[in-house]
Amino acid sequence: MATLLRSKLTNVATSVSNKSQAKVSGMFARMGFQAATDEEAVGFAHCDDLDFEHRQGLQMDILKSEGEPCGDEGAEPPVEGDIHYQRGGAPLPQSGSKDQAVGAGGEFGGHDKPKITAWEAGWNVTNAIQGMFVLGLPYAILHGGYLGLFLIIFAAVVCCYTGKILIACLYEENEDGEVVRVRDSYVAIANACCAPRFPTLGGRVVNVAQIIELVMTCILYVVVSGNLMYNSFPGLPVSQKSWSIIATAVLLPCAFLKNLKAVSKFSLLCTLAHFVINILVIAYCLSRARDWAWEKVKFYIDVKKFPISIGIIVFSYTSQIFLPSLEGNMQQPSEFHCMMNWTHIAACVLKGLFALVAYLTWADETKEVITDNLPGSIRAVVNLFLVAKALLSYPLPFFAAVEVLEKSLFQEGSRAFFPACYGGDGRLKSWGLTLRCALVVFTLLMAIYVPHFALLMGLTGSLTGAGLCFLLPSLFHLRLLWRKLLWHQVFFDVAIFVIGGICSVSGFVHSLEGLIEAYRTNAED
């Protein structure tokens, strides 16, 4: 009797388990994910073979089309989406060694181009996540207290993790079971996730997010330049808007840039100067350690302004845009994970100490840009260095935004929306130069009408920072590598997507409310 009862219970449990597994598989299938059950293993293997043959066919078609003369009038233009595995129509790598798959400068097969070491790659990541926007972190502590400090640590952990899974999406196993690099950029990953129905939709979404973030970064450089100059020389009859106009006049030659060779010479000097400035600020704060207001660091949060702090913290960690290119240029791509670990640990420690020490020094008097709290004699010198760094940093995001716009709208062959910006001799056309100048003027207008550094930084971090650092990497990881993920990886990805989505929406809404309120206050004044 006991044996019969036990067998019936076993049968019922097995039936319930099978039904639950079928429901979960069906749910993920409707969401676009593939659930790899035992019965489907053969089918997936067959699909992998077909996919490999399809990509090999694409590669042969591309090579064939490159070998044909360009003046063939009878040749049909490529169908949009046919070459979504490689941006720009470059051929896919052979499914051989990993070294052959990794290219430099956003292209596969760049063996002749110099590679960078893990230390050099780490220096690039450090420049991205330890830049001028660290100056807004004490303001985040003002509205978040100890929870703000926790978020600085949490954002470092999450951004480090999403950077790693984003790079994992660049690789696939070939027919020999070897892991090879089959994609070269964030855009290629996004296109692969939307294929085959919408092979270019994901890339366009990523391009739009990149352009918004890059242009907003340029706007922030103009805003912070005007703010710093105005607070450095309050006795002069020059308003913050006027200082922003002067800064933009200095930046107008950026419209003539064809490359960043001239600007890159100053990048190392500017970064070192910024580290020196951070040390000076911390040294001044330490000199006033007796007056630190520990009682002002609270455990409760300002519900209305704390979501803005989340955007500020997230924006200070954004580096995912260029990680695929950076990893592709490393001598030893296997060292990428280690590099991400130590760069984000260092950033977390330095940002946390800087934000806490600065807030303890000025407490409720903490301003949006922390150097505005310094005494007049020190503030002028420090701010002049920061303005110089901001002006020399402006060309980098500006040139990147121009490149994305030109490649997306002007240089995609038959898919271009507008004529090319360059003539046959390689010179920039007059209307192309006009568009570049218009972009510089647009950053000026935004800086004049929305001169609020922290609010703009929070808005950008909530809109594009959370999307590019939290939402899209976790979604792409689930979409492309679902069959290989362990349960805890799925849990992390889903949790990051949900938490990132909530923080993004709340931060965006509260940042907009803050900007509207600030605009109304300025209008009344």
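Residues numbered from 1 in each chain as written. Predicted model: local features only at pLDDT ≥ 70, side-chain atom pairs only at ≥ 80, totals over all residues. Heavy atoms only, no water.

Caption draft 1: The overall build of the protein, seen in detail. Looking only at helices and strands, one finds 17 helices and 2 strands in the protein. Within the protein, counting contacts between residues at least 6 apart in sequence, those at least 24 apart form 77% of the total. When the accessible surface of the protein is split by element, carbon and sulfur atoms take 65% of a total near 26400 Å². (Helix = DSSP H or I, 4+ residues; strand = E, 2+ residues; numbered from the N terminus. Contact = heavy atoms within 4.5 Å. Areas by Shrake-Rupley, 256 points an atom, 1.4 Å probe, with all protein chains shown as cover.)

Caption draft 2: Layout of the environment of Phe 233. In this fold, Phe 233 is placed in the loop between helix 7 (201-232) and helix 8 (240-251). Taking the C-alpha atoms as reference points, Phe 233 and Ala 380, 147 residues apart in sequence, are found 7.2 Å from one another.

Caption draft 3: Here's a closer look at unusual backbone geometry. Of note, the bond from Ala 195 into Pro 196 is cis; its omega dihedral lies within 30 degrees of zero at 5°. Residue position: Pro 196 is located in the loop between helix 6 (186-194) and helix 7. A positive phi angle, near 50°, is found at Ala 363, a position not held by glycine. Its place among the elements puts Ala 363 in the loop between helix 12 (336-362) and helix 13 (376-393).

Caption draft 4: Up close: a nonpolar patch on the surface. Nonpolar side chains collect at one region of the surface, where Leu 475, Val 494, Phe 497, Val 498 and Ile 502 lie side by side and expose about 410 Å² of accessible area between them. With 4 residues, helix 17 (residues 487-524) is the largest single contributor of residues to the nonpolar patch. Relative accessible area serves as the criterion here: at 42%, Val 498 is assigned to the partly exposed category. (Patch = residues over 30% accessible without salt bridge, like charges linked within 9 Å, V, L, I, M, F, W, Y side chains within 5 Å. Salt bridge = Lys/Arg side-chain N within 4 Å of Asp/Glu carboxyl O. Buried < 20%, exposed > 50% of the residue type's maximum accessible area, 1.4 Å probe, protein only.)

Caption draft 5: Summary view of the packing of helix 7 against helix 14 (residues 395-409). Where helix 7 meets helix 14, the axes come as close as 9 Å, and the angle between the chain directions of the two elements is 150°. As the angle between them shows, helix 7 and helix 14 are arranged roughly antiparallel. When the axes of helix 7 and helix 14 are compared, the crossing they make is left-handed. Seen from helix 7, the contacting residues are Asn 207, Gln 210, Ile 211, Leu 214, Val 215, Thr 217, Cys 218 and Tyr 221; seen from helix 14, they are Pro 397, Phe 398, Ala 400, Ala 401, Val 404, Leu 405 and Ser 408. (Axes fitted to C-alpha atoms, helices over the stretch in contact; angles between N-to-C directions. Parallel < 35°, antiparallel > 145°, perpendicular 65-115°, else oblique. Left-handed = near helix turned anticlockwise from the far one by under 90°.)

Caption draft 6: Main features of the nonpolar core. Within the largest apolar cluster, 114 residues are counted, with the highest numbers of intra-cluster contacts made by Ile 313, Tyr 317, Met 339, Tyr 394, Phe 398, Phe 453 and Phe 476. Counting 5 residues, the second largest nonpolar core, distinct from the first, contains Leu 478, Leu 481, Trp 482 and Val 490. (Core = buried A, V, L, I, M, F, W, Y, C linked by side-chain atoms within 4.5 Å.)

Caption draft 7: Highlighting the environment of Asp 184. Inspection of the secondary structure puts Asp 184 in the loop between strand 2 (179-181) and helix 6. Between the alpha carbons of Asp 184 and Glu 327 there is a distance of 9.5 Å; along the sequence they are 143 residues apart.

Caption draft 8: Structural view of the state of the cysteines. Across all of its chains, the model carries 0 disulfides by this definition. Looking at Cys 160, it has no disulfide partner, and the nearest cysteine sulfur is the one in Cys 159, 8.9 Å off. Distance from the sulfur of Cys 169, which forms no disulfide, to the nearest cysteine sulfur (Cys 193) is 6.3 Å. (Disulfide = S-S within 2.5 Å.)

Caption draft 9: Broad picture of the pattern of salt bridges. Tallied over the full model, the rule gives 3 salt bridges. A salt bridge links Glu 172 to Arg 183; the shortest N-O distance between them is 2.3 Å. One end of the pair, Glu 172, is in strand 1 (residues 171-173); the other, Arg 183, is in the loop between strand 2 and helix 6, and 11 residues separate them in sequence. Between Arg 181 and Glu 327 there is a salt bridge, and its shortest N-O distance comes to 3.0 Å. Residue Arg 181 is found in strand 2, and its partner Glu 327 is found in helix 11 (residues 323-328); the two are separated by 146 residues along the sequence.

Caption draft 10: Here's a closer look at the packing of helix 7 against helix 16 (residues 453-481). Running from N to C, helix 7 and helix 16 point in directions that differ by 155°, and their axes come no closer than 10 Å. On the basis of their axis angle, the class for helix 7 and helix 16 is roughly antiparallel. Our pair here, helix 7 against helix 16, has a crossing hand that is left-handed. Note on element contacts: helix 16 touches helix 7 through Phe 453, Leu 456, Met 457, Thr 460, Leu 463, Thr 464, Gly 465, Leu 468 and Leu 472, opposite Val 206, Ala 209, Gln 210, Ile 212, Glu 213, Met 216, Ile 219, Leu 220, Val 223 and Val 224.

Caption draft 11: Spatial organisation of the packing of aromatic side chains. What the rule picks out here adds up to 10 aromatic pairs. Between Tyr 161 and Phe 492 the ring centres are 6.1 Å apart and the planes differ by 80°, which places this aromatic pair in the edge-to-face class. Placement of the pair is Tyr 161 in helix 5 (residues 137-168) and Phe 492 in helix 17, with a sequence separation of 331 residues. Measuring from centroid to centroid gives 6.3 Å for Trp 292 and Trp 294, while their planes differ by 70°, and the two rings are edge-to-face. Residue classification places Trp 294 among the partly exposed residues on the basis of a relative accessible area of 45%. Directly above the aromatic system of Tyr 317 lies the positively charged group of Lys 351, at a separation of 3.5 Å from the ring centroid. (Phe/Tyr/Trp six-rings, centres within 6.5 Å; stacked < 30°, edge-to-face > 60°. Lys NZ or Arg CZ within 6 Å of the ring centre and 35° of its normal.)

Caption draft 12: Fine view of helix 12. Its 27 residues give helix 12 an end-to-end C-alpha distance of 39 Å, which sits within 8% of 39 Å, the value for a rise of 1.5 Å per residue. Immediately beyond the C-terminal end of helix 12, within one or two residues, lies Ala 363, with a positive phi of roughly 50°. (Expected span 1.5 Å × (residues − 1).)

Caption draft 13: Structural view of the environment of Ile 370. Within the secondary structure, Ile 370 sits in the loop between helix 12 and helix 13. Residues Ile 370 and Ala 355, spaced 15 residues apart in sequence, show a C-alpha to C-alpha distance of 9.2 Å. In contact with Ile 370, not counting residues within four places along its chain, are Leu 135, Pro 138, Phe 354, Ala 358 and Trp 362.

Caption draft 14: Broad picture of the confidence of the model for the protein. With 72% of its residues at a pLDDT of 70 or more, the protein has an overall mean of 76. Here helix 3 (residues 98-101) is the element of the protein with the lowest mean pLDDT, 33, and helix 12 is the one with the highest, 93. Note on residues 23-111: pLDDT is under 50 here. Beyond four places in sequence and across chains, it has 117 contacts. (pLDDT = per-residue confidence, 0-100.)

Caption draft 15: View of the side chain of Asn 174. Note that Asn 174 resides in the loop between strand 1 and strand 2. With a relative accessible area of 11%, Asn 174 lands in the buried category. Of the polar contacts made by the side chain of Asn 174, one reaches the backbone nitrogen of Asp 176; its length is 3.0 Å. (Polar contact = N/O pair within 3.5 Å; in protein donor to acceptor, adjacent residues only side chain to side chain.)

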